[in-house]
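# A structural walkthrough
The chain contents come next:
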Amino acid sequence: MTKLRNHQELDVLVVAVAPVGAQVESDGTQGFIDQVKHASWWDESIAPPQIGDELHVVVLNADREPPRFSALQRDIDVARRLRGATPP
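Keep in mind that this is a model prediction, so the values were computed, not measured.

The next subject is the overall build of the protein. A tally of regular secondary structure across the protein gives two helices and five strands. For the protein, the C-alpha radius of gyration of 12 Å lies close to 12 Å, the compact-globule estimate for 88 residues. If you line up the protein on its principal axes, its C-alpha atoms span 35 × 30 × 20 Å. The proportion of buried residues among the 88 residues of the protein is 36%. Taking as baseline every contact in the protein between residues at least 6 positions apart, the subset at least 24 positions apart corresponds to 53%. Approximately 5,500 Å² of the protein is accessible, and the part contributed by carbon and sulfur atoms is 53%.

Below, the structure is given as structure tokens:
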């Protein structure tokens, strides 16, 4: 398992979905994306996450159990600014 850090970016796989969000996994590390942290919450033309979807996310809170992630581009952009990173 990987030790997560806030503002870290990851590629994850959706392993379960519920009305409140999606359970995801990356290299054996579990995490959760709240429904409001996926673009489908804000734009109904975007499909909600489904099991098997691969998503690029940022760690919002590494200390929660499970850790909380966001798949929103605006959150990824904020994390990059906070890290002083440039987009890939």
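Further notes follow.
If a residue is not glycine, its phi is most likely negative; likewise, a peptide bond is most likely trans. A cis amide bond links Glu 65 with the next residue in sequence, Pro 66, at an omega value of 0°. One non-glycine residue with positive phi stands out, namely His 7, at about 75°. Locating His 7 in the fold gives a position in the segment before β1 (9–18). A residue is classified by how much of its surface remains accessible, and His 7, at 31% relative accessible area, is partly exposed. The backbone of Asp 27 sits at a positive phi, close to 50°, despite the residue not being glycine. Inspection of the secondary structure assignment puts Asp 27 in the loop between β2 (21–26) and β3 (29–34).

The next point concerns the environment of Asn 6. Along the chain, Asn 6 turns up in the segment before β1. Distance from Asn 6 to Ala 39, taken between C-alpha atoms, is 20 Å for residues 33 residues apart in sequence. Here Ala 62 takes part through its backbone nitrogen, which lies 2.6 Å from a polar atom of the side chain of Asn 6.

This paragraph deals with the nonpolar core. Membership of the largest hydrophobic core comes to 13 residues, with the highest contact counts inside it found for Leu 10, Val 12, Ile 33, Val 57 and Phe 69. Counting only elements with at least two residues in this core, the list comes to β1, β2 and β4 (54–61). Beyond its immediate chain neighbours, meaning those up to four positions away, Val 12 contacts Val 24, Glu 25, Ser 26, Asp 53, Glu 54, Leu 55, Val 57 and Phe 69.

Rules used in this analysis
Residues numbered from 1 in each chain as written. Predicted model: local features only at pLDDT ≥ 70, side-chain atom pairs only at ≥ 80, totals over all residues. Heavy atoms only, no water. Helix = DSSP H or I, 4+ residues; strand = E, 2+ residues; numbered from the N terminus. Rg over C-alpha atoms; globule rule 2.2 N^0.38 Å. Buried < 20%, exposed > 50% of the residue type's maximum accessible area, 1.4 Å probe, protein only. Contact = heavy atoms within 4.5 Å. Areas by Shrake-Rupley, 256 points an atom, 1.4 Å probe, with all protein chains shown as cover. Polar contact = N/O pair within 3.5 Å; in protein donor to acceptor, adjacent residues only side chain to side chain. Core = buried A, V, L, I, M, F, W, Y, C linked by side-chain atoms within 4.5 Å.

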